[in-house]
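Descriptive analysis of the structure
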Amino acid sequence: MIRTPQALLPWLFLLVALGGGLLWSASEMAGPGHAIVSGTAEVGGPFALVDQNGKPRRESDFRGLYRLVYFGYTNCPDVCPTTLAAIAQAFGKIGARKTKLVPLFISIDPERDSPKVLKAYLSAFGPEFVGLTGSTSAVNSVAREYRVYFARHPLASGGYAVDHSSLLYLMAPDGSFVTFYEDQSLEPDALAADLRKRIRG
Ligand code: NI
């Protein structure tokens, strides 16, 4: 039995997802961590979640806005905070376009990530973030729509961590998929440059 290196999991899951009708153009690489995907991916869809203020939020609430969608959890030791910090920095570099973009942080650990916990956590990154959590079934449903893999594993110290695929999705104002960024190599300047290019000023 070959063990899959954990870092490859997001890619494997994405490749499986892409197998279902996405035209992949490897020649269109736009620099480190950036892949431009052409075609229509079946990524995204409706959701009914709750934001960090306890307010019910649906996918349709964000119609008319670009969204940067990231799945993670507040207890994540490294990748999530690094990614959110990169998003916050990039957000500060896109000028007036930021009025057309909302970063969404969707918890895949709703048992611990209550709205209150999300609110305290996201306050460290910036007021632009909308944190979303909800029932286990609502979170499972939105994760499926975004082809996000996650699984708990127990920690020796007690409690648990949540392995999760870690792609950052850019969705269009109509909710359709635009592109994704691999968070492990996310550079705020490169992300900002790509957002400036894709979002009409
Ligand atoms: Ni994480």
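Here the structure is a predicted model, which is why all the values come from computation and not from measurement.

Here the focus is the overall build of the protein. Summing up its helical and strand segments, the protein has five helices and ten strands in all. Scored against the burial criterion, the 201 residues of the protein give a buried share of 48%. Partitioning the contacts of the protein with sequence separation of at least 6, the portion at a separation of at least 24 is 67%. In the form shown here, the protein has an accessible surface area of approximately 9,900 Å², with 57% of it arising from carbon and sulfur atoms.

Attention shifts here to the nonpolar core. Looking at soluble globular proteins, one finds that nonpolar side chains tend to be buried together. Formed by 56 residues in total, the largest nonpolar core has its most connected members in Phe71, Leu101, Tyr146, Tyr169 and Leu195. Tallying contributions element by element places helix α2 (residues 79–91) first for this core, with seven residues. What Leu101 contacts, discounting residues up to four positions off in sequence, is Leu65, Tyr66, Arg67, Leu68, Phe91, Ile94, Leu170, Leu195 and Ile199.

Summarising the metal site, the nickel ion is bound by the protein donors Cys76 (SG), Cys80 (SG) and His164 (NE2), whose distances to it range over 2.0 to 2.2 Å. Mapped onto the sequence, the donors of the nickel ion take the spacing C-x3-C-x83-H. An identical accessibility class is assigned to Cys76 and Cys80; each is buried.

Moving on to the packing of aromatic side chains. Applying the stated rule across the entire model yields eight aromatic pairs. Seen from their ring centres, Phe125 and Phe129 are 6.3 Å apart, and the 65 degrees between their planes marks the pair as edge-to-face. Accessibility assignment for this pair places Phe125 and Phe129 in one class, buried. Among the aromatic residues, those joined into a ring-pair cluster are Tyr70, Phe105, Tyr121, Phe125 and Phe129. The aromatic ring of Tyr160 is capped on one face by Arg112, whose charged end is 3.7 Å from the ring centroid.

Moving on, we get to α2. If you check α2, its first and last C-alpha atoms are 18 Å apart, about what 13 residues at 1.5 Å a residue would give, namely 18 Å. Where α2 is buried, its residues meet β4 (66–72), β5 (101–107), α3 (115–122), β8 (160–164), β9 (167–171) and α5 (188–198).

Below, the discussion takes up the environment of Glu59. Among the structural elements, Glu59 can be located in the loop between β3 (56–58) and β4. Given a relative accessible area of 5%, Glu59 falls into the buried group. Filtering out sequence-adjacent residues up to four positions away, Glu59 remains in contact with Gly45, Pro46, Phe47, Arg67 and Gly175.

A few words now on the pairing of strand β10 (residues 177–182). Among the six residues of β10, five are classified as buried, and the element is accordingly described as predominantly covered. Examined bridge by bridge, β9 and β10 share five bridges and lie antiparallel to one another. Residue pairing in the sheet places Leu170 in a bridge with Thr179 of β10. As consecutive antiparallel partners, β9 and β10 are separated by five residues, and within that stretch Gly175 has a phi angle of approximately 90 degrees, a positive value.

Take the pattern of salt bridges next. For the structure on display, the rule yields ten salt bridges. Note that Arg112 is salt-bridged to Asp109, the shortest N-O span being 2.7 Å. Here Arg198 ties to Asp194 by a salt bridge, and the two come within 2.7 Å at their closest N and O atoms. Note that Arg198 and Asp194 are positioned in helix α5 at a spacing of four residues, about one turn of the helix.

Conventions we followed
- Residues numbered from 1 in each chain as written.
- Predicted model: local features only at pLDDT ≥ 70, side-chain atom pairs only at ≥ 80, totals over all residues.
- Heavy atoms only, no water.
- Helix = DSSP H or I, 4+ residues; strand = E, 2+ residues; numbered from the N terminus.
- Buried < 20%, exposed > 50% of the residue type's maximum accessible area, 1.4 Å probe, protein only.
- Contact = heavy atoms within 4.5 Å.
- Areas by Shrake-Rupley, 256 points an atom, 1.4 Å probe, with all protein chains shown as cover.
- Core = buried A, V, L, I, M, F, W, Y, C linked by side-chain atoms within 4.5 Å.
- Donors = N, O, S within 2.8 Å, 3.2 Å for Na, K, Ca; no water.
- Phe/Tyr/Trp six-rings, centres within 6.5 Å; stacked < 30°, edge-to-face > 60°.
- Lys NZ or Arg CZ within 6 Å of the ring centre and 35° of its normal.
- Expected span 1.5 Å × (residues − 1).
- Pairing = 2+ DSSP bridges.
- Salt bridge = Lys/Arg side-chain N within 4 Å of Asp/Glu carboxyl O.

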